[in-house]
Amino acid sequence: DYNTGKHNDALKTLQPMALDGNATAQLIVGLCYENGLGVEQNSETAMKWYELASEQKNAPAQVRLAYCYALGLGVPKDAAKAVQLIQDAAGAGDPEAQFTLALYYSKGMYGLEKNLEESFAWMQKSAEQGYGQAERYLGACYEYGVGTKKDAALAQEWYAKAKAKGLEREGNIFATRDGRPQP
């Protein structure tokens, strides 16, 4: 019911499951509260559901909770908690978390030291799982030699995979300074 837009019906089914400790149900109830789907939007309530699911090592919930801490949605901003949650979810194999961790390393965000090679390694893990944004980003890494050696053939291969998911290349995804990519 959640995916068909029947959020009220989904919540009637999922709320008891979430209260019984089902981590996936807790995540979905959190998403409903975060986005105001079938309930009044409430970031604090969403964060509480994400926290419960995250305690059970639900990687997508860890990602959502990390975003809450990074942006201060329903909780005070806490960069260290955001990074720890993203690292945990990335280590568990979640492709969105791997993509996000790669971005953190590429910019030196939230207390992480900028490390383009580490960024590339996490981006590659995400892309190899078919995460479209990571595929596009990896194409750019190969095109511009960011975190790896330039390789035009691999750049085109990863761009093509992203394009198959509806993600166009859209020019240089890196900011530039003096004509050089600055991830």
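In case you missed it, the structure is sitting above this.
Residues numbered from 1 in each chain as written. Predicted model: local features only at pLDDT ≥ 70, side-chain atom pairs only at ≥ 80, totals over all residues. Heavy atoms only, no water.

**Student:** Let's hear about the overall build of the protein: which residues, and what values?
**Tutor:** A count of helical and extended segments in the protein gives nine helices and two strands. Reading the secondary structure of the protein in the N-to-C direction produces α-α-α-α-α-α-α-α-α-β-β. Taken across its 183 residues, the protein has 41% of its residues classed as buried. Restricting to contacts in the protein with at least 6 residues of sequence separation, those with at least 24 account for 45%. Carbon and sulfur atoms make up 48% of the accessible area of the protein, which totals about 9,500 Å². (Helix = DSSP H or I, 4+ residues; strand = E, 2+ residues; numbered from the N terminus. Buried < 20%, exposed > 50% of the residue type's maximum accessible area, 1.4 Å probe, protein only. Contact = heavy atoms within 4.5 Å. Areas by Shrake-Rupley, 256 points an atom, 1.4 Å probe, with all protein chains shown as cover.)

**Student:** Requested: an account of the environment of Leu-19, with residues and values cited.
**Tutor:** Topologically, Leu-19 is positioned in helix 1 (residues 7–19). A sequence separation of 30 residues divides Leu-19 from Trp-49, and the C-alpha atoms of the two residues are 9.5 Å apart.

**Student:** Give me the lowdown on the packing of helix 5 (residues 79–91) against helix 6 (residues 95–107), citing residues and values where you can.
**Tutor:** One can describe the packing of helix 5 onto helix 6 by two numbers: an axis separation of 8 Å at closest approach and a directional angle of 130 degrees. In terms of orientation, helix 5 lies oblique with respect to helix 6. The way helix 5 lies across helix 6 gives a crossing that is left-handed. The residues of helix 6 that touch helix 5, namely those facing Val-83, Ile-86, Gln-87, Ala-89 and Ala-90, are Ala-97, Gln-98, Thr-100, Leu-101, Tyr-104 and Tyr-105. The residue inventory of the contact of helix 5 with helix 6, partitioned by class, reads eight nonpolar, three polar and no charged. (Axes fitted to C-alpha atoms, helices over the stretch in contact; angles between N-to-C directions. Parallel < 35°, antiparallel > 145°, perpendicular 65-115°, else oblique. Left-handed = near helix turned anticlockwise from the far one by under 90°. Nonpolar A, V, L, I, M, F, W, Y, C, P; charged D, E, K, R; others polar.)

**Student:** Before we move on, can you summarise the pattern of salt bridges with the specific residues and values?
**Tutor:** Under the definition given, this model contains three salt bridges. Among the salt bridges present, the one from Arg-64 reaches Glu-34, with a minimum N-O distance of 2.5 Å. Of this pair, Arg-64 sits in helix 4 (residues 59–71) while Glu-34 sits in helix 2 (residues 23–35), placing them 30 residues apart in sequence. For Lys-165, the salt bridge identified is with Glu-135, shortest N-O distance 3.0 Å. Residue Lys-165 is found in the loop between helix 9 (152–164) and strand 1 (175–177), and its partner Glu-135 is found in helix 8 (residues 132–144); the two are separated by 30 residues along the sequence. The class for Glu-135 is buried, based on a relative accessible area of 3%. (Salt bridge = Lys/Arg side-chain N within 4 Å of Asp/Glu carboxyl O.)

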